[in-house]
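# Observations on chain architecture
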Amino acid sequence: MNNSMSRYVERFNVVERVLHWTLVVAFFILVFTGLGLYARTFFGYFDFFGGPQQGILFHKWAGVVFFTSSLLLALSHLKELFTFDQDDVLWLKKLGGYLSKEHEDIPQGKFNCGQKLFGIFSLVGTLVMGITGIIIWDPAAFGRGLTQFSLMLHALFFTLFMMGVVVHIYLTTLGNPGTISSMLYGHVTKTWAKAHAVKWYRKVQKG
Amino acid sequence: MARKAFLIDMSRCIACRSCQVACKQWNKLEPEATVNRGSYENPPQLTPQLYNQIQFIEQGQGDELRWLFMNQRCMHCGDAGCIKVCPSAGALYHTPEGMVAFNQDKCIECHYCVNGCPFDVPRYDRKKKVTKCHACVDRIANGLVPACVKACPTQTLRFGDRDALIAEAKAAGKTVYGESELKGLGAVYILEDAPQTYNLPAKPAIPASIFLWKDVIKPLGILGFWGAMGAALLHYVTFGPKKLDEYGRRHDDDLNPPEKGA
Ligand code: HEM
Ligand code: SF4
Ligand code: SF4
Ligand code: SF4
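Residues numbered from 1 in each chain as written. Chains lettered and ligands numbered in written order. Predicted model: local features only at pLDDT ≥ 70, side-chain atom pairs only at ≥ 80, totals over all residues. Heavy atoms only, no water.

## Thoughts on the overall build of chain B
As a reminder, the rule being used: Strands here mean DSSP runs of E at least two residues long; helices mean DSSP runs of H or I at least four residues long; both are numbered from the N terminus. Two things to know: the radius of gyration comes from C-alpha atoms, and the globule rule equals 2.2 Å times the number of residues to the power 0.38. We call a residue buried when its accessible area falls under 20% of the maximum for its residue type, exposed when it is over 50%, and partly exposed in between, using a 1.4 Å probe and counting protein chains only. Residue contacts are defined here by distance: any two heavy atoms, one from each residue, within 4.5 Å place the two residues in contact. For this count, His and the chain ends are skipped, Lys and Arg are scored as positive, and Asp and Glu as negative. Lys charges are placed at NZ, Arg charges at CZ, Asp charges at CG and Glu charges at CD.
Assigned secondary structure in chain B consists of eight helices and 10 strands. Against the globule reference of 18 Å for 262 residues, chain B gives a C-alpha radius of gyration of 28 Å, more extended than a compact globule. Its C-alpha atoms give chain B principal-axis dimensions of roughly 95 × 45 × 40 Å. Considering chain B as a whole, with its 262 residues, one finds that 52% of them fall into the buried category. Put simply, 58% of the contacts in chain B that link residues at least 6 apart link residues at least 24 apart. Here chain B contributes 32 positively and 28 negatively charged side chains, and the mean placements of these two sets differ by 5 Å.

## Quick word on the domain arrangement of chain B
Residue and element names in this part refer to chain B. As a reminder, the rule being used: Boundary definitions for the domains trace back to an automatic or database domain assignment. In short, buried area is how much 1.4 Å probe accessible area vanishes from two parts on joining, totalled over both. Salt bridges, as used here, are contacts in which a Lys or Arg side-chain nitrogen is within 4 Å of a carboxyl oxygen on Asp or Glu.
Annotation of chain B at the domain level lists domain 1 (4–205) and domain 2 (210–251). One C-alpha centre belongs to domain 1, the other to domain 2; they are set 49 Å apart. Every contact between the two is made by five residues of domain 1 and, on the other side, four residues of domain 2. Both sides of the domain 1 and domain 2 interface together cover about 400 Å² of buried area, and 71% of this is carbon and sulfur. Joining domain 1 to domain 2, the criterion identifies one salt bridge. Taking the shortest distance from any N to any O, the salt bridge between Lys-84 and Asp-215 comes out at 2.7 Å.

## A few points about the pairing of strand β3 (residues 64–72) of chain B
Residue and element names in this part refer to chain B. Counted only if it meets this: Only strands joined by at least two bridges in the DSSP assignment are considered to pair.
One ladder, built from nine bridges, connects strand β2 (residues 53–61) with β3; its direction is antiparallel. Looking at β3, one finds that Phe-56 is bridged to Phe-69. Counted along the chain from β2 to the antiparallel partner β3, the turn is two residues long, and its residue Gly-62 has a positive phi close to 65 degrees.

## Looking at the coordination of the iron atom of ligand 1
Residue and element names in this part refer to chain A. The test is simple: Note that water is not among the atoms considered, so a metal site may appear incomplete; the donors listed are N, O and S atoms within 2.8 Å of the metal, with 3.2 Å applied to Na, K and Ca. Geometry is assigned from the angles between donors: four donors with all angles from 85 to 135 degrees make a tetrahedral site, four or six donors whose opposite pairs exceed 155 degrees while the rest stay between 65 and 115 make square planar or octahedral sites respectively, and everything else is labelled irregular.
Summarising the metal site, the iron atom of ligand 1 is bound by the protein donors His-59 (NE2) and His-154 (NE2), whose distances to it range over 2.0 to 2.1 Å. Coordination at the iron atom of ligand 1 is octahedral: its six donor atoms span angles of 81 to 180 degrees at the metal. With His-59 in helix α2 (residues 52–76) and His-154 in helix α6 (residues 144–172), the pair connects residues that are 95 residues apart, well separated along the chain. His-154 shares its class with His-59; the two are buried.

## A few points about the site of ligand 1
Which entries qualify depends on this criterion: Proximity criterion: a residue is near a molecule or strand once any of its heavy atoms comes within 4 Å of it. Whenever two N or O atoms come within 3.5 Å, that pair is a polar contact, provided that in protein one can donate a hydrogen and the other can accept it, and provided that, for residues adjacent in sequence, both atoms are side-chain atoms.
In the neighbourhood of ligand 1, 23 residues make up the surrounding shell, with Tyr-38, His-59, His-154 and Ala-155 of chain A together with Trp-213 of chain B lying closest. Interatomic distance of 2.7 Å between a side-chain N/O atom of His-59 of chain A and a nitrogen atom of ligand 1. Interatomic distance of 3.2 Å between a side-chain N/O atom of Trp-213 of chain B and an oxygen atom of ligand 1. Secondary structure elements with two or more residues in the shell around ligand 1: α1 (14–38), α2, α5 (113–135) and α6 of chain A.

## Quick word on the interface of chain B and chain A
Condition: Under the grouping applied here, Gly and all other residues not named as nonpolar or charged are polar, the nonpolar ones being Ala, Val, Leu, Ile, Met, Phe, Trp, Tyr, Cys and Pro and the charged ones Asp, Glu, Lys and Arg.
Taken residue by residue, the interface counts 52 residues in chain B and 52 residues in chain A. Of the roughly 4,700 Å² buried where chain B meets chain A, counting both sides, 63% is carbon and sulfur surface. Our count for the contact surface shared by chain B and chain A stands at one salt bridge. For Arg-144 of chain A, the salt bridge identified is with Asp-120 of chain B, shortest N-O distance 3.9 Å. Across the chain B-chain A interface, the total number found is 16 residue pairs in polar contact (both at pLDDT 80 or more). Breaking the side of chain B that touches chain A down by element, the ones donating at least two residues are α3 (113–116), α7 (208–237) and α8 (244–247) of chain B. For the side of chain B that touches chain A, the element with the most residues is α7 of chain B, which contributes 16 residues. Broken down by class, the residue content of the side of chain B that touches chain A amounts to 31 nonpolar, 11 polar and 10 charged.

Take a look at the structure:
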């Protein structure tokens, strides 16, 4: 796919894509069953899962799926996520060029600074949700103080996840046309690669 | 309806445990096998089959032994942590008398309430549903006093108009526990020593994590979600998306131009 005749550059292989969509499906099951517990306004969402008790069961097992797939995805990009350079500082200074109508020249690698920060947040969030999730799995199993603290953290990272995911979905669809094809078909156009990740583009073109 | 309450004067208690027995009888709670732990206190704490319990606090003071008794039960808080955390409206609720009762049909078995309670009161039965002292809702709604109060031979346990009972205790020069904490407890106590001696918190309050969870994170989270949605929308209509046809060309100087039409 990377030969110079093609219009496309490969971005995510099939394993990465399957992991991503698995965690997305699990995530939305978690959100809607979790909301039923989060506030009474959303209690009705349990009807979609065959009642509250079954909804909680869905939540627990979707949690296991989310935790595993999200962790594997993050681990497979661990090195990229934690590699920063001067261009990332530039990205931060210019806020990724998002607060300007003009094109800002900010050379970025496979993932731009914002994507790396979201990736790190997602990794931390997955660990927090997973660990607190196990502690509140049976709310009478661990000490009261620890369980209360875990309930609080689980809710805190839930709200952070919701805000993060809204931004993530916006930036990968409406905000940056052409991006979603990387997760759907595995490749982006060369134009996309040059515009968004030119350092990565040069690297893969060299082969 | 004027708020009702228990007034529990531990200085009068003789630890006969009539209250424990009367409660089990009225509420048809099953007997439980227990073990002899070298104390009259039995069982050692509230259980799904025991809604009130006499704690024996035994203190050696030189050659003397001091015995303090404590009738442990749901405190029927005005600001009840159990209700605050319960996701299912009506599973735990305030009765017209101001007592905290439960409805097992609405309980979704999430077991949050024991963590919301400052006093570690709720227990879960074999069906995994909430159980605890419900102030004999079925009796008080019909003008009867709760079964444990009825059975108490020493007037340690009393039930009635909350203000009147507190006023009476104060007139007799007693200090009451739980008059104003948590918007006033529905079980106010007369104690013979500091609350801590009775394993009660000196200043009962909703646990800090529970307060942060339900009163800070929950409202801010809903605000944050809509804030993020609003910010994304605002960005789209102001700065707008990063369209590729505008950007692609700028980098073309050192790269091959994208093939047309391919
Ligand atoms: C990573 C693995 C996860 C596990 C093991 C897990 C497990 C749990 C468990 C056991 C509960 C309590 C359910 C109960 O018994 O009543 C819970 C509650 C909840 N979970 Fe998760 N969960 C996970 C991830 C997530 C994610 C990713 C979200 C959404 C972003 C989420 C949102 C919630 C919410 C909103 C609640 C209700 C508690 C509250 O009001 O704050 N969980 N979770
Ligand atoms: S266990 Fe039942 S009563 Fe307790 S918080 Fe959950 S739904 Fe409410
Ligand atoms: S003592 Fe606990 S169970 Fe009873 S009303 Fe207060 S918070 Fe609820
Ligand atoms: S008020 Fe009723 S339910 Fe509560 S301890 Fe007394 S007898 Fe039991």
